[in-house]
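Summary of the model geometry
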Amino acid sequence: MKEQQEQHNLIFNWPGNIVRLPLHVGAAMAWYDLKLPRPDEIIASSAGAIAGSAIIGWDKKSLDEASRIIGELSPDDIFSYRRELKVKLGLLGITTVGLVGTALVMFGWNLSKKEKAEFGLAGLVALFGAGATVGKELLHSESQLSAAPLKNLLSRKLDFPAIFKSKIRLSVIVADIAKPGEVIFHNHDPLNNSERWVKILLASARVPGHFPFVQIDELNTVDGEVWTDFPIRQMRQYNKIVRFDYWPPLLPEPSPKEWIPDLFRSFDIMRGHCTQTKMRCYEIERQHDPSLPGIFYIRLNQRLLDAMPKFQLHNFTPDNMVTMQNIGYAAITEQENEIRRYLEKTS
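A short tour of the structure in this document, coming up. Being a predicted model, the structure only gives us computed values, none of them experimental.

Reading the values: the criteria
In this numbering scheme, every chain counts its residues from 1 along its sequence in written order. Thresholds applied to this predicted model are a pLDDT of at least 70 for local features of residues and 80 or more for the giving and counting of side-chain atom pairs; totals over whole chains, interfaces and linings are not thresholded and use all residues. Heavy atoms throughout the structure, all of them, feed into the side-chain values; hydrogens and water do not. Side-chain atoms within 4.5 Å are what join buried Ala, Val, Leu, Ile, Met, Phe, Trp, Tyr and Cys residues into a set we call a nonpolar core. Each residue is assigned to one of three classes by its accessible area relative to the maximum for its type, calculated with a 1.4 Å probe on protein chains only: buried under 20%, partly exposed between the two thresholds, exposed over 50%. We call two residues in contact when some of their heavy atoms are within 4.5 Å. Pairs were defined over the aromatic rings of Phe, Tyr and Trp, the Trp ring being its six-membered one, requiring ring centres within 6.5 Å. Orientation was assigned from the angle between planes: stacked under 30 degrees, edge-to-face over 60, tilted for the rest. Only DSSP runs of H or I covering at least 4 residues are called helices, and only runs of E covering at least 2 are called strands; the numbering of each starts at the N terminus. Two conditions define a charge located above a ring, namely a distance within 6 Å from the ring centre to NZ of Lys or CZ of Arg, and an angle within 35 degrees of the ring normal. Axis lines are fitted through C-alpha atoms, for helices just across the contact stretch, and the angle between N-to-C directions can take any value from 0 to 180 degrees. By convention the crossing between two helices is left-handed if the near helix lies anticlockwise of the far one by an angle smaller than a right angle, and right-handed if it lies clockwise. By the convention adopted, Pro, Cys, Tyr, Trp, Phe, Met, Ile, Leu, Val and Ala count as nonpolar, Lys, Arg, Asp and Glu as charged, and the other residues, Gly among them, as polar. At least two bridges found by DSSP between two strands are what make those strands a pair. Identification of polar contacts relies on pairs of N or O atoms within 3.5 Å, with a donor-acceptor requirement for protein atoms, meaning one able to donate a hydrogen and the other able to accept it, and with residues adjacent in sequence counted only if both atoms are side-chain atoms.

**Observations regarding the nonpolar core**
Formed by 90 residues in total, the largest nonpolar core has its most connected members in W14, W31, F244 and I332. Not counting residues within four places of it along the chain, the set of residues in contact with F244 comprises F12, N13, W14, P15, R20, H24, A27, W31, I298 and I332.

Okay, here's the thing in structure tokens:
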């Protein structure tokens, strides 16, 4: 019975979003430096699952290494345009240059009207054909972006033996796009190997329409936060719950006009609405059942919110990553007393 109580004492909830990736690592470093009790489980999605995998050793070495790697990140380390799209865009460019060259030749050479017509028709056919090929890619392809850089980064940098042997259970939320519903993978699964774990992380971060499908155990997956980033059904089994939420519900801001920020803003609105609804429902449930565990939310005060750089997946810099780690660190140190009081409460 004592072992079971220890296993169900403290759980962390690390939601995703590229902005939260350095916040999670900075917060974990502060948690370690303050000698606060480490969690029995981290339940995470998307960038939260990647951060959890990076610091799973919960020691100085793994924390410093995670901080160094994330402090050097740029968008090129996470995504690129798909090779097929690059090839077809290249084809369109070559065809366009060829057509321009043909036009110059036609105007410069002494050709008959028939020959000029044949050259012009051939050039137009080539241009329209290339345009149709690229248009089809844009409208009907699996995705426009490739996660190959992120896959390579995770494969090279993660300490997989430490992940699989860690005393901390790391649970990764993935959404099943066919059912739909949640699927939770964990680091203690005997089926795990490095390739499978990287696929799990990529699946949990697969923003719909953004990155290619990831199939795991014949399951077609999508970003875990399509289903939930607030897995209260699992977390309520613990005595203590700490959610690293960082900021309040979304506030008004200028509307994005480009597809990548537009997609992310829309996804954040959807996720934020669902999460806040679930939080309110859980608090109502606790009013009727006081035995349910309370949740401590790690959030940023106004000073830290004002210090946050504004960036998204496609436009962040290493300096942004370092700044966000420092803000995550400060978020814990500035709430140390409140955190300790919460952790010391009798369940």
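Read on, since the account is not over.
**Things to note about the packing of aromatic side chains**
Scanning the model with the defined rule gives eleven aromatic pairs in all. Taking the centre distance of 5.6 Å and the plane angle of 45 degrees together, the rings of F296 and Y342 count as tilted. Pair noted here: F296 is in strand β10 (residues 295–299) and Y342 is in helix α14 (residues 336–344), with a separation of 46 residues, a long-range link. In this structure F296 comes out as buried when scored by relative accessible area, which is 14%. Taken together, a centroid distance of 6.0 Å and an interplanar angle of 55 degrees make the contact between F311 and F316 tilted. According to the relative accessible area criterion, F311 is buried, its value standing at 7%. Here the aromatic residues F12, W14, W31, W58, F244 and Y246 are joined through ring pairs into a cluster of three or more. Just above the ring of Y342 sits the side chain of K240; from NZ or CZ to the centre is 5.3 Å.

**Side note on the packing of helix α2 (residues 20–33) against helix α3 (residues 47–54)**
At a minimum axis separation of 9 Å, α2 and α3 run at an interaxial angle of 35 degrees. Crossing of α2 against α3: the hand is right-handed. In contact with L21, H24 and V25 of α2, α3 contributes A47, G48, I50 and A51. Tallied by class, residues from the contact of α2 with α3 come to five nonpolar, two polar and no charged.

**Here we look at the environment of L145**
Relative to the assigned elements, L145 resides in strand β4 (residues 145–146). With a relative accessible area of 0%, L145 lands in the buried category.

**Points about the pairing of strand β5 (residues 169–176)**
Of all eight residues that make up β5, seven are buried, and the element is covered over most of its length. Strand direction decides the pairing type here: strand β2 (residues 41–44) and β5, joined by four bridges, are parallel. Of the residues in β5, the one forming a bridge with I42 is L170. The hairpin formed by β5 and strand β6 (residues 181–186) contains four residues between the paired strands. Where β5 and strand β8 (residues 219–223) come together, three bridges link them in antiparallel fashion. Note that in β8 the partner of D176 across the bridge is T221.

**Examining the pairing of β8**
Put simply, side chains in a regular strand alternate between the two faces of the sheet. Counting buried positions along β8 gives four out of five residues, so the element sits mostly inside the fold. The sheet contact formed by strand β7 (residues 215–216) and β8 spans two bridges and is antiparallel. By the bridge assignment for β8, Q215 is matched with N220. Counted along the chain from β7 to the antiparallel partner β8, the turn is two residues long, and its residue D217 has a positive phi close to 50 degrees.

**Focus: the side chain of D176**
Along the chain, D176 falls in strand β5. Among the polar contacts listed, one links the side chain of D176 to the backbone nitrogen of A178, at a separation of 2.9 Å. For D176, the contacting residues outside a window of four places in its chain are G181, V183, L219 and N220.

**Some words on the side chain of Q234**
By the element assignment, Q234 lies in helix α10 (residues 232–235). Polar side-chain contacts of Q234 include one of 2.8 Å to the side chain of E182. Among all residues touching Q234, those that are not within four sequence positions of it are I43, E182 and I184.

**What about the environment of D319?**
Here D319 is to be found in helix α13 (residues 318–333). For D319, a relative accessible area of 58% gives the class exposed. For the pair D319 and L73, spaced 246 residues apart in the sequence, the C-alpha separation amounts to 9.0 Å.

**So, α3**
Among the eight residues that make up α3, seven are buried, leaving the element largely enclosed by the rest of the structure. If you check which residues of α3 are buried, you get A47, G48, A49, I50, A51, G52 and S53.

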